[in-house]
Amino acid sequence: NKKIEIRFEYYGKYNGGIYKLVDNKWIYIPSTVENGYIRAELKPSLLTDYNIFCVFVDEEYIPLYDVRNHWAKDEIIAFQRNGIISGYPNRTFKPDKQITLGEFFSILMKINSVNQYIVREYSDNYNDKNQKVSYRDLEIIMKKVLNMDNFNWKDVSIKLLYEKQHKDRSSDSMDNYVTRAEVIYMLYLLEGWKQGDLWS
């Protein structure tokens, strides 16, 4: 389970990032810039017989002020730099804000590996896109979208606590509302974010 570090000499600004070529598309891998290097940690399962990594400077990358010290910083930035999410006009993401159905479906539609027909069908069945999403709602939707009857939020909750030391509010009640950061973290896990970390 030990991660492998890759690094390149780098003397540029914060907007540089390490990317991996996956299916003819460059995928951002959470990277840090310090002491003349840009680094990323990878799970060994990411490495295949043929790997291409590159450092790109993303001139359009706009740092989101309120994720800098957030527990989901890496996941949020990865989704932002891969074009799945964007921040608010004031350069914030509001990671701890409760997510709405409209926001949730919008994110799902931008992920290639989810069943977009089912997402669209589900989205059309909900009239109030400003409705907040409970952990129970999320679990029901994801079971349908992923076609996985064994999907349950508890698996995500355990990983959140173990990997991020973040205790979500589902243990109090599954009717509590899920946050924007928790949704991004869950989807990052489900994508394995191109790092071979798909759960069983």
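See the structure shown above.
Residues numbered from 1 in each chain as written. Predicted model: local features only at pLDDT ≥ 70, side-chain atom pairs only at ≥ 80, totals over all residues. Heavy atoms only, no water.

Q: I keep staring at the sheet that holds strand β3 (residues 25-29) and nothing clicks. Help me out?
A: Strand pairing within a sheet occurs via backbone hydrogen bonds; the two strands may be parallel or antiparallel. Across the sheet, which stays open at both edges, the three strands sit in the order β3-β2-β6 with antiparallel pairing between neighbours. This sheet does not close on itself; its edge strands, each paired only once, are β3 and β6 (53-57). Across the sheet, the mean angle separating the axes of adjacent strands is 45 degrees when strand polarity is ignored. Where strand β2 (residues 16-22) and β6 come together, five bridges link them in antiparallel fashion. Across the sheet, residue K20 finds its bridge partner in β6, namely F53. (Pairing = 2+ DSSP bridges. Helix = DSSP H or I, 4+ residues; strand = E, 2+ residues; numbered from the N terminus. Axes fitted to C-alpha atoms, helices over the stretch in contact; angles between N-to-C directions.)

Q: How do you make sense of the sheet that holds strand β5 (residues 37-42) when you look at a structure like this?
A: With respect to topology, three strands assemble into an open sheet ordered β1-β5-β4, the strand pairing being antiparallel. Single-partner strands in this sheet number two, and they are β1 (4-9) and β4 (32-34). For this sheet, the mean angle separating the axes of adjacent strands, direction not counted, is 25 degrees. Taken together, the six bridges between β1 and β5 define a ladder with antiparallel strand orientation. Within β5, the residue paired with R7 across the bridge is R39.

Q: When you look at the environment of I6 in this model, what are you seeing that I'm missing?
A: Checked against the element boundaries, I6 lands in strand β1. Taking C-alpha positions, I6 is 5.5 Å from A40, a pair spaced 34 residues apart along the chain. Leaving out residues up to four positions away in the same chain, I6 has contacts with I18, I38, R39, A40, L42 and F53. (Contact = heavy atoms within 4.5 Å.)

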